[in-house]
Amino acid sequence: MMLELHNVSIGRLISSLSLTVEDGRLVCLTGAEGAGKTTLLRAVMGFLPIDEGHISIDGELLTPKSAPYFRRQMAYVPQLLTVPDDYPLDTRYVSLLTHAVESHKPLLIVDEPPQQLSQEDAMLVDGLLTEASQKGTTILAVNGRVQSKRVTL
Amino acid sequence: MKTVLIIILVALLAWKGYYAWRRGRNTYVRERQEYQSLWEYLEGNGTPERQVRRMFLKRALRRALKPWLMQWRYWLLVAVVLLLLLL
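Residues numbered from 1 in each chain as written. Chains lettered and ligands numbered in written order. Predicted model: local features only at pLDDT ≥ 70, side-chain atom pairs only at ≥ 80, totals over all residues.

## Topic: the interface of chain B and chain A
Here is the rule we go by: Residues are treated as contacting if the C-beta atoms built from their backbones sit within 7 Å of each other. The way it works is that DSSP assigns letters per residue, a run of H or I at least four long becomes a helix, a run of E at least two long becomes a strand, and they are numbered from the N terminus. Amino acid classes used here: Ala, Val, Leu, Ile, Met, Phe, Trp, Tyr, Cys and Pro are nonpolar; Asp, Glu, Lys and Arg are charged; the rest, including Gly, are polar.
Counting residues at the interface gives 12 residues for chain B and 14 residues for chain A. Considering each element in turn, the side of chain B that touches chain A owes the most residues, six residues, to helix α2 (residues 36-44) of chain B. In terms of residue class, the side of chain B that touches chain A is made up of four nonpolar, four polar and four charged.

## What to know about the environment of Lys105 of chain A
Residue and element names in this part refer to chain A. Residue placement: Lys105 occurs in the loop between α3 (93-102) and β7 (107-110). In this structure, the C-alpha to C-alpha distance between Lys105 and Gly46, residues 59 residues apart in sequence, is 17 Å. Setting aside anything within four residues of it in sequence, one finds Lys105 in contact with Gln73, Met74 and Ala75.

## Some points on the sheet that holds strand β6 (residues 74-77) of chain A
Residue and element names in this part refer to chain A. Note the following rule: For two strands to pair, DSSP has to find at least two bridges joining them. As a rule, the C-alpha atoms of each element are fitted with a line to give its axis, helices using only the stretch in contact, and angles between N-to-C directions run from 0 to 180 degrees.
Taking strand neighbours across the sheet as the criterion, the five strands line up as β6-β7-β8-β3-β9 in an open arrangement whose pairing is parallel. For this open sheet the edge positions go to β6 and β9 (149-152), each flanked by a neighbour on one side alone. Strand-to-strand twist across the sheet, computed as the mean angle between neighbouring axes with direction ignored, equals 15°. Sheet analysis places strand β3 (residues 26-30) next to β9, joined by four bridges and oriented parallel. Among the inter-strand pairings, Val27 is bridged to a residue of β9, identified as Lys149. Sheet contacts for helix α1 (residues 37-44): β3, β7 and β8 (138-142); angle to β8, the most-contacted strand, approximately 150°.

And the structure:
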C-alpha cells in the first residue's frame, strides 16, 4: 500500500510537505515537540482536514468520504489512549503496537508515546516496526531510532 | 377530574423522560470529549463510525440512566400503571 502526500499544508504547523511512503517501506517522522508529527498522522488518518495539497493511498484520494474505507486497511497506534476504567483494553504503548502489528493490516500509522520508553521497550518497539516492515507492511511512524528513511518536520 | 389526573401523569412522565434524555446526552457529550482518543483509536483501526457512536451512546445511557432509574423506578411504575388504569 503506497501513501503519498503532495504539498500538504495544515495550519501553521505543516507547510507544503510532500512525502511518499512506498509499498512495504518504513518512513520515520522526527522533529521537535510541537513540530506537527501527531497532527500529520491524524491528517493521514482522515481525522484532521488539510488546508492545501492532497493525500492519496494507492493512488486514491483521501477524502472525508473515502477515509473510513482506508481506515479499515490501517492499524493505528495513538500517542496516548485514555479509556474508561471498565473498558477491556490494555492501553500500554507496547501492547497497542503489538496488537497493531499482529492485525496484519497493510498500512501502519504509529505515533510516539508521550513519555520516553525504557531501553527494553524502545528495543521492542524498534524490533516490531522493523519486523513488520520486513514482512511488507507500509509504515509511517514517529520514531527517531529505527534505521529507515527519515523525514524531519 | 380524570382528565386533569391524566394530564398531570403525562406531564410527570414527559418531564422525567426529558430529564433522563438530557442527562444521557450530557454524559455522551462529556465522555466523547474525555475519551476522544479512544474514539479515534477505534475508528483508526477500522471500526465504523456508526458502531463507535452506538457504543458511546449505549455506555452514556447506561451510566446516566441506571442510577436515576434505580431511584425513580417505583414512582415511574406507579405513574405508568395509574395512567393505564385511567385510560
